[in-house]
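Breakdown of the fold
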Amino acid sequence: MKFGLISLDFRRFPLEKCFETAFRYGFTSVELWGGRPHAYPFDVGAEEIREIGRLKQKYQVDIPMYTPNAIGLPFNLCSASTRERSEGMKYHKLAIDVASSLEIPRMLVVADHPGFGADLREVRCIFSDEIGELADYARKKNVIISVEPLTPMESPVIVSSNDCLDLLRDVHSENLSFVLDIVPPTIIAEPISNYFNLLGDRVDHVHISNNDKKTDAHLELDNGCLNIADVLKIIDHCGFKQHVIVELYSVSLNDPESVIANAARVLTQTGYFTRSS
């Protein structure tokens, strides 16, 4: 396993603060958040591409995933509005172009809330069509589309490994993978191993945090209902060798470095994390 940070946790700081912190505490990757002030798709041009390349080289970290800001924005791929879905498709294709320009191999996509009263079967059909189009577009740009389930509080569309499996069967694309965020299976009482048992190596990215088993909170690694050492043991036993990203947005707003320092300490104690991990 390779351990990294997500720049979302540094959203009140310049992007370099995330790269610098990753280097200082021994993390080898940064998941690039596509929101302001970091890498919002509409803001990324030649100058920004050069600067992000400079940060990668200076701090010697990989960028395994681009995560465009999407939740709560008017670019919902699950919207009942054909106009919003059309604008959402343009937005996500622009984000794919950004990922491709930065040579980032994956881009994260979520199924945002479709609105109460929506027919979930119909919404899931719509979302699978949208993902199929994105996966085809991204394939030509050498970018893999990675879908991340959300908690039921955030959206009811894709919340479990079985939902991911249904999407995989509907889309029929080799250019589709999935992100295991530890929080959704914790909330719905689903075994973490279910993702690997059902989806195999289509799970190629992990978000780790702790949780209260009640909300979508992404808490400090030593503050919650999960034993992080046991979580990592399960992931390791399932043969996962890719990036495990520490995502702590619920507690990182004001002082992300202290939260990351805590995460580095907890991960070191598990035996899975070293400065050469």
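Structure's up top.
Residues numbered from 1 in each chain as written. Predicted model: local features only at pLDDT ≥ 70, side-chain atom pairs only at ≥ 80, totals over all residues. Heavy atoms only, no water.

Burial analysis of strand 1 (residues 2-6) places four of its five residues in the buried class, which makes it a mostly covered element. Both strand 1 and strand 8 (residues 243-246) contribute to a ladder of four bridges, which runs parallel. Bridge pairing in strand 8 links leucine 5 to valine 246. With three bridges joining them, strand 1 and strand 2 (residues 29-34) adopt parallel strand pairing. Counterpart to glycine 4 in the pairing with strand 2 is serine 29. Handedness of the crossover is the feature at issue here: the chain leaves strand 1, passes through helix 1 (residues 15-25), returns alongside strand 2, and the resulting connection is right-handed. (Buried < 20%, exposed > 50% of the residue type's maximum accessible area, 1.4 Å probe, protein only. Helix = DSSP H or I, 4+ residues; strand = E, 2+ residues; numbered from the N terminus. Pairing = 2+ DSSP bridges. Right-handed = clockwise from strand over helix to strand, strands pointing away.)

As for its placement among the helices and strands, asparagine 194 is situated in helix 7 (residues 193-199). For asparagine 194, a relative accessible area of 22% corresponds to the partly exposed category. In sequence terms asparagine 194 and glutamate 87 are 107 residues apart; their C-alpha atoms lie 34 Å from each other. In this structure, asparagine 194 is in contact with Ser161 and Asn162, ignoring residues within four places of it in sequence. (Contact = heavy atoms within 4.5 Å.)

Any functional reading would require information beyond the geometric quantities listed.
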